[in-house]
Amino acid sequence: MKTLKQKLLLIPVLLSLPALGALSSGCNLLGWLDSPGTDEARLSAARGCFDAGDFECARTHYEALSSDYEDIRTAELIYLTLEEEGAGFGTFLKTIIGGGTSPGALVNTLANELALLEPGEAKRNRLVSALVQADGISTAGLRGFTRFLVSMTLFAELLAEISGDDTIIDASDLASSPESCASSDCVLDSDCSQPTNGGLSTEGATATLDIIAMETLDGEASIAMVNAVIAQLNASLTEMGASGGYSENSSAIADELGAVSDIPGVNTEELFAQCFVQTMFSLGIVE
Ligand SMILES: [Ca+2]
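Remember, it's a predicted structure, so these values are computed and weren't measured experimentally.

**Here we look at the overall build of the protein**
Check the secondary structure of the protein and you find 13 helices and zero strands. Reading the protein from its N end, one meets helices and strands in the order α-α-α-α-α-α-α-α-α-α-α-α-α. Each principal axis of the C-alpha atoms in the protein carries an extent, and together these give about 60 × 35 × 35 Å. Residue burial in the protein is summarised as follows: out of 287 residues, 46% are buried. In the protein, once contacts between residues fewer than 6 apart in sequence are set aside, the share between residues at least 24 apart is 64%.

Here it is, written out as structure tokens:
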């Protein structure tokens, strides 16, 4: 079994995140992994407990770290939260390796994992808290990487919440007549409307929600919430130094869903929501 430290190095490599290039140059996103000092022993103990699945013990050691290690403590406590919520590094590794090749494959696979783990408003808001904490990390690269992991998880969680009794996120969870909703041209098509029983709420779909300022996302899972998560995903890619060429699939998701609000004429909640759903289909976010 891989240790936390090994997983921390593996994830960016597998996702082709910028740490890959930076690692060989010696000045890197995960350089704090080998930081020296008396805190090193506490960090080592925390990671040992983390690897052993003793989260309480890990928390105690993380919280004993000095303020010099504030970013590390914040980041790794967030990874611990993700682990507890069923979206830890092990799950990410599994979904990266086992997912399909479409841009949405990782989110789809992760959503199906989370659908089995009591999705709902309470869990969603624990992830929202993690996202707010991630925003407080001062090192941009580490903040971006952490925010990236939480954003992807939160996106998957929102889909998991609407996955229905079959606990599988499929096209019928997003559109009323998915077999006829094939258009990716962003046009009004009642086949792409919200399913009668479930789906993402279209209420307030055109709103721009700032998750960090709001601190919670309450109520039914909605298009507006997913759009707000996409804004976070976009920011995370920028913070990691994204300029194309890596993390292609995540960038495609962030770019295409993030651009829906800029499409000329998409100015009603109904059209915005349908266009958003059509774009999710074209990205392969559902199967
Ligand atoms: Ca379903």
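Having seen the structure, we can now continue with the description.
**Focus on helix 5 (residues 70-84)**
Look at helix 5: 21 Å from first C-alpha to last across 15 residues, which is about the 21 Å you get at 1.5 Å a residue. Considering only its buried residues, helix 5 is in contact with helix 3 (39-52), helix 4 (55-63), helix 6 (89-98), helix 8 (121-135) and helix 9 (140-161). Immediately beyond the C-terminal end of helix 5, within one or two residues, lies glycine 86, with a positive phi of roughly 90°.

**What to know about helix 11 (residues 223-239)**
For helix 11, with 17 residues, the first-to-last C-alpha span of 24 Å sits near the 24 Å given by 1.5 Å per residue. In terms of burial, helix 11 is largely enclosed, as 13 of its 17 residues are buried. Just past helix 11, the residue glycine 241 takes up positive phi, approximately 90°.

**Examining the domain arrangement of the protein**
For the protein, the assigned domains are domain 1 (1-9 + 36-90) and domain 2 (99-287). Considered class by class, the residues forming the side of domain 1 that touches domain 2 number four nonpolar, three polar and two charged.

**Brief notes about the packing of helix 6 against helix 7 (residues 105-114)**
For the pair helix 6 and helix 7, the least separation of the axes is 9 Å and the interaxial angle reads 130°. For the element pair helix 6 / helix 7, the angle class is oblique. The hand of the helix 6/helix 7 crossing is right-handed. Residue-level contacts link Thr91, Thr95, Ile96 and Gly98 of helix 6 to Leu106, Thr109, Leu110 and Glu113 of helix 7.

**A few points about the confidence of the model for the protein**
In this model, the protein carries an average pLDDT of 89, and 91% of its residues clear a pLDDT of 70 or more. Confidence drops under a pLDDT of 50 for residues 20-29, and excluding neighbours within four residues, the segment shows 13 contacts in the predicted structure.

**Observations concerning unusual backbone geometry**
Not every positive phi belongs to a glycine, and threonine 167 is a case in point at roughly 50°. Inspection of the secondary structure puts threonine 167 in the loop between helix 9 and helix 10 (211-214). Of note, the phi angle at glutamate 215 is positive, near 70°, even though the residue is not glycine. Looking at where glutamate 215 falls in the secondary structure, it is placed in the loop between helix 10 and helix 11.

**Concerning the environment of alanine 41**
Here alanine 41 shows up in helix 3. C-alpha of alanine 41 to C-alpha of threonine 74: the two residues are 33 residues apart in sequence and 17 Å apart in space.

**Section: the packing of helix 7 against helix 9**
Axes are the key here: two packed helices are described by the angle between their axes and the distance separating the axes. Two numbers describe how helix 7 lies on helix 9: the axes approach to 8 Å, and their chain directions differ by 60°. Taken as axis vectors, helix 7 and helix 9 run oblique relative to one another. Where helix 7 crosses over helix 9, the handedness of that crossing is right-handed. Where helix 7 abuts helix 9, its residues Leu106, Val107, Leu110, Ala111 and Leu114 lie against Met152, Thr153, Phe155, Ala156, Glu157, Leu159 and Ala160.

**So, the environment of cysteine 275**
Following the sequence through the fold, cysteine 275 ends up in helix 13 (residues 269-283). Non-local contacts of cysteine 275, meaning those with residues more than four positions away in its chain, are made with Cys186, Val260, Ile263 and Val266.

Quick notes on the rules
Residues numbered from 1 in each chain as written. Predicted model: local features only at pLDDT ≥ 70, side-chain atom pairs only at ≥ 80, totals over all residues. Helix = DSSP H or I, 4+ residues; strand = E, 2+ residues; numbered from the N terminus. Buried ≥ 20, exposed ≤ 12 C-beta atoms within 10 Å, placed from the backbone. Contact = placed C-beta atoms within 7 Å. Expected span 1.5 Å × (residues − 1). Domains from an automatic or database assignment. Nonpolar A, V, L, I, M, F, W, Y, C, P; charged D, E, K, R; others polar. Axes fitted to C-alpha atoms, helices over the stretch in contact; angles between N-to-C directions. Parallel < 35°, antiparallel > 145°, perpendicular 65-115°, else oblique. Left-handed = near helix turned anticlockwise from the far one by under 90°. pLDDT = per-residue confidence, 0-100.

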